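Chain and residue survey
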Amino acid sequence: MKSLKSQVAGVAVASLFTVALAACGSNNNNTASPSAASSSAASPSASASAAASPSASTPSADPVTLTMLVSGSKAADGADFELDTLPKLVKEKFPNVTLEVQKLPDEQYYTSVKTKLAAGEGPDIFLVFPNMANMGAIEVAKAGYAADLSGLSFWNNVSKAAMNDMSYEGKPYAVAKGMDILGTYYNKDLFAKAGITEVPKDWDSFLAASEKLKASGVTPIVMGDKDPWVVQFGMYQLAANTVYPSDPDFDKKLQTGETQLTDAKWVETVNQYKTLYDKGYVSKNSLGMASAQAMQQFVDGKAAMIFTGTWDLPGVTAKGAADFERGFFSLPGNKAGEPVYASAATAAGYALNAKSKHLDVAKQIFEYLYDGQSPLFQAWVESNPSISVFNGVTLKNDIFKDVLTEIQSTGHAFYFSNQMWPAGVSDVMQSKFGEIIGGKKTTAEDVTKAMQDKYKELYKG
């Protein structure tokens, strides 16, 4: 077991670079192309063979109802892919199949899906996260909840790295939506009015920009800390610059006890994030504000920045009370003269219930969804803000172009830390940091000690 988890750490780092290169591509039109470092280059006939496979085109005749459970919020504008488009297009292709989809808020999703799966009553299709994250591929595979998908025909058209991040003992158990990047969305108009002429490239310049915004009467950063998981959105960006550049194998060493979450670099990371609250750069009422409210504050032009990921693009770009141009950059936790590292990782994706009574039908739907050319695949790509890990898919959201280009040209990026921690460590990080936000005398050392204690309790290497 220890050897498996040690290998995963290396895979996570390698997969990030591979996926980033495959997603951004080296050509001028930003079409996805396989990286030279990747062994997953799709053959020219990959999509055609997927579409032609019997399981992709031959539906069973009997009426079937499939259930699907995912996390998130309904699309703010237009049709929601999972709630509206997916069931409709499945019905068009497979008239005998009815797909019933339920979407729950993140924390409610985790509790609900785990309870249902443990009771043998889980949904036929559900959302899974990479590697060791909460509801991660390793967790659901080991528990026997997720079906082995290695026999499906489209894998040659998917980044090998993204496939590996959804695998256990060499077999894939979910299909990633793409690559997600944590970043800082910002209001270009408010930056200009405050006299900020360029995106900050190091920690000191970021603090200086935040001070200019505050001095101009603008809330620099809005965060919905009532939803505790958003603490991760800034923290992991800082860790990508403070913890990992000097020790890329930090989490592998964490498994063997060579490093600890109480080490100086993690204390520094927590203190960096604490600084933003201490200086009043984050909205003062953040603990009473849900993430949806914080997003509304941003789109209404009442705050200059918000920390979140590529998956939140629909919310970030929704129409608000103010009309302004958005931008996106990596939160620079680095010192002046050092490179900025992005925080990026394989995104969540769909898995199939190993105990589903209609597993064969569900696999037929997956073959159709991921065949690279079907109307359902095209609708999925169009609605998906994550950076595609499917060969040949064009980058459609230019707001991410600069960060992706930087990842492509330098390889300066690290995965989300929680993907290499047992589920529960990030929860402790969030709750203890929440004490800091709330004005308690909790220190960065207190936060990291609680993280290390929880890690030691949960890691069973």
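Keep in mind it's a predicted model, so treat the numbers as computed, not measured.

1. Considerations on the nonpolar core
Counting 149 residues, the largest nonpolar core has Phe126, Trp266, Leu276 and Tyr350 as its most contacted members. Setting aside anything within four residues of it in sequence, one finds leucine 276 in contact with Trp203, Phe206, Leu207, Ile221, Tyr281, Val282 and Phe307.

2. Digging into the pattern of salt bridges
On inspection of all chains with the given rule, the structure shows 12 salt bridges. Glutamate 82 is the salt-bridge partner of lysine 103, the closest N and O atoms lying 2.8 Å from each other. In this pair, lysine 103 is assigned in strand S2 (residues 97-104) and glutamate 82 in helix H4 (residues 81-93), connecting sequence segments 21 residues apart. Residue glutamate 82 is classed as buried on the basis of its relative accessible area, which comes to 6%. When salt bridges with common partners are traced through the structure, they connect Asp80, Glu82, Lys103 and Lys177 into a single cluster.

3. Concerning the sheet that holds strand S12 (residues 349-352)
Read across the open sheet, the five strands follow the order S2-S1-S3-S12-S6; overall the sheet is mixed. The sheet is open, and its two edges are formed by S2 and strand S6 (175-176), each paired on a single side. Here strand S1 (residues 64-71) runs beside S2; their pairing, made up of eight bridges, is parallel. Note that in S2 the partner of threonine 67 across the bridge is glutamate 100. Set on the sheet, H4 makes contact with S1, S2 and S12; between it and S2 the angle comes to about 170 degrees.

4. Let's talk about the environment of alanine 118
Its place among the elements puts alanine 118 in helix H5 (residues 106-118). We classify alanine 118 as exposed; its relative accessible area is 58%. C-alpha of alanine 118 to C-alpha of glycine 144: the two residues are 26 residues apart in sequence and 9.7 Å apart in space.

5. Remarks on the environment of lysine 93
Within the element layout of this structure, lysine 93 appears in helix H4. It is 8.8 Å that separates the C-alpha atoms of lysine 93 and isoleucine 365, two residues lying 272 residues apart in sequence.

6. Concerning the side chain of serine 374
In this structure, serine 374 sits in the loop between helix H15 (359-369) and helix H16 (375-383). Those residues in contact with serine 374, other than ones at most four positions away along the chain, are Tyr368 and Leu369.

7. What about unusual backbone geometry?
A positive phi is found at asparagine 131, a non-glycine position, where the angle reads about 50 degrees. Its place among the elements puts asparagine 131 in the loop between strand S3 (125-128) and helix H6 (137-142). The class of asparagine 131 is buried, set by a relative accessible area of 2%. The phi dihedral of glutamate 169 is positive, around 55 degrees, even though this residue is not glycine. Along the chain, glutamate 169 falls in the loop between strand S4 (167-168) and strand S5 (171-172). Classification of glutamate 169 by relative accessible area gives exposed; the value is 60%.

8. Re the pairing of strand S9 (residues 303-309)
For S9, the buried fraction is high: seven of the seven residues fall into the buried class. Where strand S7 (residues 179-187) meets S9, five bridges bridge the pair, whose relative direction is antiparallel. For glycine 183, the partnering residue across the bridge sits in S9 and is threonine 308. Pairing of strand S8 (residues 219-221) with S9 involves two bridges; the strand directions are parallel. What sits directly across from isoleucine 221, in S9, is methionine 305.

9. A closer look at helix H9 (residues 203-215)
Under the 1.5 Å per step criterion, the end-to-end length of H9 is 18 Å for 13 residues, consistent within 8% with the ideal 18 Å. Here H9 has its buried residues at Trp203, Phe206, Leu207, Ala209, Ser210 and Leu213. For H9, the angular spread of buried residues about the axis comes to 160 degrees, placing them on one side. Within H9, the exposed residues directed more than 90 degrees away from the buried face are Asp204 and Ala215. Each element contacted by the buried residues of H9 is listed here: helix H8 (188-193), S8, helix H10 (231-242), helix H12 (264-278), S9 and strand S10 (326-329). Following H9 by one or two positions, glycine 217 adopts a phi angle in the positive range, close to 90 degrees.

Calculation criteria
- Residues numbered from 1 in each chain as written.
- Predicted model: local features only at pLDDT ≥ 70, side-chain atom pairs only at ≥ 80, totals over all residues.
- Heavy atoms only, no water.
- Core = buried A, V, L, I, M, F, W, Y, C linked by side-chain atoms within 4.5 Å.
- Buried < 20%, exposed > 50% of the residue type's maximum accessible area, 1.4 Å probe, protein only.
- Contact = heavy atoms within 4.5 Å.
- Salt bridge = Lys/Arg side-chain N within 4 Å of Asp/Glu carboxyl O.
- Helix = DSSP H or I, 4+ residues; strand = E, 2+ residues; numbered from the N terminus.
- Pairing = 2+ DSSP bridges.
- Axes fitted to C-alpha atoms, helices over the stretch in contact; angles between N-to-C directions.
- Expected span 1.5 Å × (residues − 1).
- Arc of directions from axis to C-beta.

Nothing here speaks to function; it is geometry throughout.
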